[in-house]
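Okay, here's what each chain looks like letter by letter:
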Amino acid sequence: MELFRYSRAADATQAVNAAGGADVRFVAGGTTLLDLMKLDVERPAKLIDINRIGLDTIEKLPGGGLRIGALVRNSDLAHDAVVQADYSVLSQALLAGASAQLRNMATTGGNLLQRTRCMYFRNTAMPCNKRSPGSGCSAIEGDNRSLAILGTSKDCIATNPSDMNVALTALEAVITIRGNKGERDVPIGEFHLLPGNTPHIETVLAAGDLITHVTLPAARPQSKHIYLKLRDRASYEFALASAAIVAEVSDGKIDFIRVALGGVGTKPWRSHEAEAALLHRPADAATFRHAAEAALREARPQSENGFKVELAKRCITHALTLATRSA
């Protein structure tokens, strides 16, 4: 394996393109990639270290909004004063994930690309369509307690593990990507792909594409943000169910609402169904439960994770209660 370093994004992407489709990976914090290399799940022929190309600043935009460089570390993003004041669901989600040491290394771009913790994906002795297309999904008939109940297919039921991605989904973030055809912007809802019959294709990124920025829309000053994460233990654990809520309430009714779920979907899961059930409705327990039922209506649990249906409903209901209590 060869390692290369560049000081400009353009040079890094050009180097990948020059490799002509060879197995090349960008590496920054390495908190996911290096683990997978140790397990022999990822076997890149070349690594391109992008830590020196910049992209490590957080900028307020003139027309409102926030531009986050792909190499901003999770700890810096979580503790940024503007993020904490105007986009607190993102700060809450980041601080709910991993350990302080990992947050000091992990980057915004890397977190967007965080890969599943499904045990069969990480065990090369077991069939896994995400790791080896066409080999089968061991999880469907195996240990699937922690896996997805929304967006699954006959070929894959692995969850997206990121807390940050759930918050960015609720905030309707836009991802800027640099590739061999220039730059393009992709809404986060379109960035991650459902597994279908190609679970190994997880995002819209093509060979040589590099995430450069994440942009958040102008803050809504009257909104209340909540990230609620339910897990087996209080720290250093992935979500069994989580909910990111951005809500505005006026005269007891919900005027604006965004609902995103984690721990239950094969991608960060925005619930348009829950939002439709909440908008312009009373901010009360009956409305919240109705929205939670709508959010999980299409759930397809497996042999060991049926409990997630009710758990996710309760997570949504409680998160909505917290988000509207003083809004």
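I will try to describe carefully the structure that is included in this document.

Details of the sheet that holds strand β7 (residues 182–187)
Within the open sheet, the 5 strands sit side by side as β4-β5-β8-β6-β7. Their pairing is antiparallel. The strands lining the two open edges of the sheet, one partner per strand, are β4 (58–60) and β7. Within the sheet, the average angular offset between the axes of one strand and its neighbour, ignoring direction, is 20°. Sheet topology places strand β5 (residues 66–69) next to strand β8 (residues 210–216); 4 bridges connect them, and they run antiparallel. Bridged to Arg67 within β8 is Thr215.

A word on the nonpolar core
Within the largest apolar cluster, 34 residues are counted, with the highest numbers of intra-cluster contacts made by Ile68, Leu90, Leu112, Leu168, Ile175, Val214 and Leu216. With 5 residues, helix α8 (residues 164–170) is the largest single contributor of residues to this core. Discounting chain neighbours no more than four positions away, the residues touching Leu216 are Gly65, Leu66, Ile68, Tyr87, Leu90, Leu168, Leu171 and Ala173. Residues Leu261, Val264, Ala291 and Ala319 belong to the second largest nonpolar core, which totals 31 residues.

Describing the environment of Pro221
If you trace the backbone, Pro221 turns up in the loop between β8 and β9 (224–230). For the pair Pro221 and Asp86, spaced 135 residues apart in the sequence, the C-alpha separation amounts to 6.9 Å.

Considering the sheet that holds strand β11 (residues 253–262)
Strand order in the open sheet formed by 4 strands is β9-β10-β11-β12, and the pairing between neighbours is antiparallel. Single-partner strands in this sheet number two, and they are β9 and β12 (269–270). As paired elements, β9 and strand β10 (residues 241–250) share 7 bridges and run antiparallel to each other. In the strand pairing of β10, Ile226 is matched with Ile245. Along the sheet face, helix α12 (residues 307–324) touches β9, β10 and β11 and points at about 35° away from the line of β10.

Digging into the packing of helix α11 (residues 285–295) against α12
α12 packs onto α11 with a crossing angle of 140° between their chain directions and a minimal axis gap of 9 Å. Our classification of the angle between α11 and α12 gives oblique. Between α11 and α12 lies a crossing of right-handed hand. Between α11 and α12, the residues in contact are Phe288, Arg289, Ala292, Glu293 and Ala295 and Glu310, Lys313, Arg314, Ile316, Thr317, Leu320, Thr321 and Thr324, respectively. Across the contact of α11 with α12, the residue classes tally to 5 nonpolar, 3 polar and 5 charged.

Cut-offs used in this document
Within every chain, residues take consecutive numbers counted from 1 along the sequence as written. A pLDDT threshold of at least 70 governs which residues receive local features in this predicted model, and a stricter bar of 80 or more applies before side-chain atom pairs are shown or counted, although totals over entire chains, interfaces and linings include all residues. To get the side-chain values, all heavy atoms of the structure are used, and hydrogens and water are removed first. For two strands to count as paired, DSSP must find a minimum of two bridges between them. Going along the chain from the N terminus, every DSSP run of H or I of four or more residues is numbered as a helix, and every run of E of two or more is numbered as a strand. Throughout, an axis means a line fitted to C-alpha atoms (over the contacting stretch in the case of helices), and angles, computed between N-to-C directions, take values from 0 to 180 degrees. Think of a nonpolar core as a cluster: buried Ala, Val, Leu, Ile, Met, Phe, Trp, Tyr and Cys residues, connected wherever their side-chain atoms sit within 4.5 Å. The classification of residues rests on relative accessible area computed with a 1.4 Å probe and restricted to protein chains. Under 20% of the type maximum is buried, over 50% is exposed, and intermediate values are partly exposed. Whether two residues are in contact is decided by their heavy atoms, any of which lying within 4.5 Å being enough. For classification, angles of less than 35 degrees are called roughly parallel, those exceeding 145 degrees roughly antiparallel, those between 65 and 115 degrees roughly perpendicular, and all remaining angles oblique. Throughout, a crossing is termed right-handed when the near helix is turned clockwise from the far one, and left-handed when it is turned anticlockwise from it by less than a right angle. Residues are grouped as follows: Ala, Val, Leu, Ile, Met, Phe, Trp, Tyr, Cys and Pro are nonpolar; Asp, Glu, Lys and Arg are charged; every other residue, Gly included, is polar.

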